There are 2 protein chains.
Amino acid sequence: MSQRVAFLCLGTMGFPMAGHLASAGHEVCVYNRTAERSRTWLDLHAGRSAASPAEAARDAEFVFLCSGNDDDVRAVVEGESGALSGMRAGAVLIDHTTGSAELARALAEQAEQRGIGFLDAPVSGGQAGAERGALTVMVGGAPTHFARAEALMRCYARKIGHMGPAGSGQLTKMVNQICIAGVVQGLAEGLRFADRAGLDAIAVVDVISKGAAQSWQMDNRAATMIEGRFDFGFALDWMRKDLGIALDEARRNGSRLPLTALVDQFYAELQADGDGRLDTSSLIKLL
Amino acid sequence: MSQRVAFLCLGTMGFPMAGHLASAGHEVCVYNRTAERSRTWLDLHAGRSAASPAEAARDAEFVFLCSGNDDDVRAVVEGESGALSGMRAGAVLIDHTTGSAELARALAEQAEQRGIGFLDAPVSGGQAGAERGALTVMVGGAPTHFARAEALMRCYARKIGHMGPAGSGQLTKMVNQICIAGVVQGLAEGLRFADRAGLDAIAVVDVISKGAAQSWQMDNRAATMIEGRFDFGFALDWMRKDLGIALDEARRNGSRLPLTALVDQFYAELQADGDGRLDTSSLIKLL
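The residue numbering used here restarts from 1 in each chain and proceeds along that chain's sequence as written. Here every chain gets a letter starting at A, and every ligand a number starting at 1, in the order they are written. Owing to the predicted nature of the model, reporting of local features is limited to residues with pLDDT of at least 70; listing and counting of side-chain atom pairs is limited to 80 or more, with chain, interface and lining totals taken over all residues. Neither water nor hydrogens contribute to the side-chain values; these are computed over all heavy atoms in the structure.

Draft legend 1. Representation of the environment of S281 of chain A. Residue and element names in this part refer to chain A. Each helix is a run of DSSP H or I of at least 4 residues and each strand a run of E of at least 2, with the numbering of both proceeding from the N terminus. Examined against the element boundaries, S281 turns out to sit in the segment after helix 13 (258-272). Exposure is judged per residue with a 1.4 Å probe applied to protein chains only, and the accessible area is read against the type maximum: over 50% gives exposed, under 20% gives buried, and values in between give partly exposed. A relative accessible area of 1% places S281 in the buried class. Sequence-wise, S281 and I180 are 101 residues apart; in three dimensions their C-alpha atoms are separated by 9.9 Å. Polar contacts, as counted here, are pairs of nitrogen or oxygen atoms within 3.5 Å of one another; within protein the pair requires one atom able to donate a hydrogen and one able to accept it, and residues that are adjacent in sequence qualify only if both atoms are side-chain atoms. At 2.6 Å, the side chain of S281 and the side chain of D279 are in polar contact.

As structure tokens, this is what we get:
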């Protein structure tokens, strides 16, 4: 069934995600801070564009958003021209931005007061996953809202998990990033050690990647790490933002994250070196 | 073709490995420090036992060994009753123990002086892998010796890599353990965080294990870590020995291993708590 939807913020992720919704036959109205990006999108897809989030959100059953951080989300969702002021009761706002669980809970409350549903729904899978429509979506919010939005998210997701009440999607994404931090740093240390030990690191990966040392990062990043190529993938500036959110949350919930804190500092070192745009696998540069 | 082989040290790993050689039709002579273990083995398999490593090694084309550490290997290989003194020229000694690259190079040299081949060939895959004959073997040594021994190792290995000259097998195993240290600690931090954040950690693993956070450890250890079960698998006493070897080698080859050193200290903490026999995944106990 074709739905009237809005998609706010056509970044690296939002642009293809909105495209998948349009390709599936939904009536998409897009909004982007710089209008030129909207025009580019409309050159490629059927749909409309709006001059503000509120305008885009008017008449939409579902409003999607994928932005950079908490402040960006607030700028698009709150205030007179924000999405919430334009949405009608009964509609659902789905935020695919990776941000804090606190903001997710606050927005869910604001939305509820207006009779609007809210889902925090950060994704993983990166630009390639967004383009192929193969993202993983981690969703927090009320089951009724989730049930209504799930089919639409299937347009760009391969795996969708409903993790609990508002904020649970963000918390799940934090777990994801914490796990990645450990994997990548361990892999970086292992690969550099292999090189310094005079081994053929590619041959080492081939033999150890069938057992207990295996990881997605080993399967997908070891070769480029060995080559020293990092001009792709997930920028460590973004990873650092995500780890900062996780470390903040850990302060509140009493978790100890010694390795995560250490790796976060290594990323700080790379940022200080001007390497913030490099892929997260560039940790090996420090070794 | 049936070969005359010896297998020294029937520990958790050696016992089933020697069994696979016997099942494949080779004439196996076993040696174990405590003779009772040899008798148990002979109750289950066709073969002979010997009273000393030298005696077991006499007449053998290939002598296998899987022991605990460098000192154990020396005790079985060197000296009057050691394997090398019993072996004839042209035979090959294959050491499956995880130990230092230094010892591997020293033994290769001693062996060569007697016209004997030497391969350092540490394994991964644990007790389960040894029993199922599905180990990974990382081999260092001369190509001619490797070529002769490879078919025999296939009796208990699913994956065999020839990594370079003597010591290269040990160095590869070190890379394996370095990678595992990062993966397990990251996973432990992620799972404990999930729990403290009020999430269903099993559901979190289900959704994040399809993407960039995936690892063998996540697929195979997350459930038991969440349950708090650690009475199986690879004892952290052994992991600590292996990490010590890697950290020593890093001192020599100039590698920096900040995460590995940190995780090694966490294992030290668990040992101090009397938990040295627990599986390596028990890092989560500290969080």
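Draft legend 2. Structural context of the interface of chain B and chain A. On the side of chain A, 57 residues touch chain B, which itself brings 58 residues to the contact. Note on definitions: buried area is the accessible-area loss of two parts on being combined, 1.4 Å probe, summed for both. Taken together, the two surfaces of chain B and chain A that pack against each other cover about 4,800 Å², and 70% of this comes from carbon and sulfur. Between the two partners, chain B and chain A, sit 15 residue pairs in polar contact (both at pLDDT 80 or more). With 20 residues, the single largest contributor to the side of chain B that touches chain A is helix 9 (residues 168-196) of chain B. When residue character is reported, Ala, Val, Leu, Ile, Met, Phe, Trp, Tyr, Cys and Pro are called nonpolar, Asp, Glu, Lys and Arg charged, and the others, Gly included, polar. A breakdown of the residues in the side of chain B that touches chain A according to their chemical character gives 33 nonpolar, 17 polar and eight charged. Contacts were defined at the residue level, with two residues in contact if any of their heavy atoms lie within 4.5 Å.

Draft legend 3. The arrangement of the pattern of salt bridges in detail. Residues and elements named next belong to chain A. Should a side-chain nitrogen of Lys or Arg be within 4 Å of a carboxyl oxygen of Asp or Glu, the pair is scored as a salt bridge. Enumeration according to the criterion identifies 28 salt bridges over all chains in this entry. For the salt bridge of R229 with D231, the shortest nitrogen-to-oxygen distance reads 3.8 Å. Residue class for R229 comes out partly exposed when judged on its relative accessible area of 40%. The exposure class of D231 is exposed, given its relative accessible area of 63%. The salt bridge involving R277 is made with D237; its shortest N-O contact spans 3.9 Å. Of the two residues, R277 is situated in the segment after helix 13 and D237 in helix 12 (residues 236-253); the sequence distance between them amounts to 40 residues. On the basis of relative accessibility, which here comes to 57%, the residue R277 falls in the exposed class. Salt bridges sharing partners connect three or more residues here, namely E61, R88 and R148.

Draft legend 4. Spotlight on the relation of the copies chain B and chain A. Once turned by 180° and shifted 0.0 Å along the axis, chain B lies on chain A with an RMSD of 0.1 Å. On this basis, the relationship between the two copies can be described by a two-fold rotation axis. The position closest to the rotation axis in chain B is occupied by the C-alpha of S215 of chain B, lying 1.9 Å away. Both copies contact each other with a shared surface, as 98% of the interface residues of chain B are interface residues in chain A too. Our superposition of the copies is a least-squares fit, built on the C-alpha atoms of residues whose pLDDT is at least 70 in both.

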